[in-house]
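Structural overview for review
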Amino acid sequence: MPLIGAALAFMLAASPAAAQDARQVMEEAQRRTEATSQHYEGLLQVVDSKGKISDKRWVYDRVGSHGRSKSVLTFVQPAEVKGVALLVVNFPDRASDQWMWTPAIQRERRIALQDRSTRFFGTDFSFEDLEERDTGQYDYTMLGEESLEGVACWKVESRPRKGKSSQYTSSIVWVRKDNYAFQRIENFIKGAVVRRLRYSKIENVQGIWTARVLEMADLKRNSRTILTFEKLEYNVPMKEENFTLQALRRGR
């Protein structure tokens, strides 16, 4: 899922062949997730530092190719957030455009670049984490191979290219060797890990290896958010006109 991208720690010295291998791994991982559209219903469980759990539910729709996709995320539960929606329009060469629609006040708000590092609606995902990251926006370095949770992975470092706005200085991505699905992403700011995203319950859905559970941990806050995908489908018919501000205003 879209959500869900990469950036990396400081650049390590590597041979041109190793750097090329890292890009090939990331491009193949992206190629294997290609779909014209995606739909799922999600359960969000936010676990605070004291272990208190709060639940939210949302519906997610996405249409378009990597780097040029559009997505709409709409809360359906609880009642106080029902109808609140986020529209994300992704671009291959710059940060996404994002708007939040709040039905209670019948108003949309553009999410400014300087606000992308803030938490999205009380979760441990930031607004930036909801962008779709195209491989062309990053430089990659192969750090080697490592077994993670019993799964053989490539360990790849990535860094945003010049012109790509990001709160993260860098990230490390573990890519499974058996199916090129992501196993974990660690996001860094100035050498310190600030967010850790774990992928689990990876299943083949319509030919695409997909994690049915994502767990984002905010290491500064000592909190985490668990996102479970339900009713997940790829390549379902969708209309481009449903991914606009006008569509949000009329309730799509």
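This one's a predicted model, so the numbers in the text were calculated from it and none came from an experiment.

1. Some words on the packing of aromatic side chains
On inspection of all chains with the given rule, the structure shows 10 aromatic pairs. Summarising the aromatic geometry, the rings of F120 and F121 are spaced 6.1 Å apart at their centres and angled 45° between planes, so their arrangement reads as tilted. Each ring, one from F182 and one from Y199, has its centre 5.9 Å from the other, and the planes form 85°; the classification is edge-to-face. Taken together, the residues span a long stretch of sequence, with F182 in strand β10 (residues 182-189) and Y199 in strand β11 (residues 192-205) at a distance of 17 residues.

2. A word on the environment of G144
For G144, the position within the fold is in strand β7 (residues 138-148). Take G144: its relative accessible area is 23%, and that puts it in the partly exposed class. Separated by 37 residues in sequence, G144 and A181 have C-alpha atoms that sit 17 Å apart. Non-local contacts of G144, meaning those with residues more than four positions away in its chain, are made with C153, W154 and K155.

3. Some points on the pattern of salt bridges
Overall, the coordinates contain 26 salt bridges when judged by the stated rule. Of the charged contacts in the structure, one is a salt bridge between E28 and R31, with a shortest N-O distance of 2.7 Å. One end of the pair, E28, and the other, R31, are both in helix α1 (residues 16-31), 3 residues apart, so they sit about a helical turn from each other. A residue is classified by how much of its surface remains accessible, and E28, at 19% relative accessible area, is buried. Owing to a relative accessible area of 44%, R31 belongs among the partly exposed residues under this scheme. When the shortest N-O distance is used, the salt bridge between R212 and E203 registers 3.3 Å. The class of R212 is buried, set by a relative accessible area of 17%. The class for E203 is partly exposed, based on a relative accessible area of 37%. One continuous salt-bridge network, built from bridges that share partners, spans E149, R184, E186, R196, R198, E215 and R224.

4. Digging into the pairing of strand β1 (residues 37-47)
Counting buried positions over the 11 residues of β1 gives 9, a clear majority of the element. If you look at the hairpin formed by β1 and strand β2 (residues 53-63), you'll find 5 residues sitting between the two strands, and G51 has a positive phi there, around 90°. Relative to strand β13 (residues 223-234), β1 runs antiparallel, the two sharing 9 bridges. When the sheet's bridge partners are listed, H39 is paired in β13 with E233.

Reading the values: the criteria
- Residues numbered from 1 in each chain as written.
- Predicted model: local features only at pLDDT ≥ 70, side-chain atom pairs only at ≥ 80, totals over all residues.
- Heavy atoms only, no water.
- Phe/Tyr/Trp six-rings, centres within 6.5 Å; stacked < 30°, edge-to-face > 60°.
- Helix = DSSP H or I, 4+ residues; strand = E, 2+ residues; numbered from the N terminus.
- Buried < 20%, exposed > 50% of the residue type's maximum accessible area, 1.4 Å probe, protein only.
- Contact = heavy atoms within 4.5 Å.
- Salt bridge = Lys/Arg side-chain N within 4 Å of Asp/Glu carboxyl O.
- Pairing = 2+ DSSP bridges.

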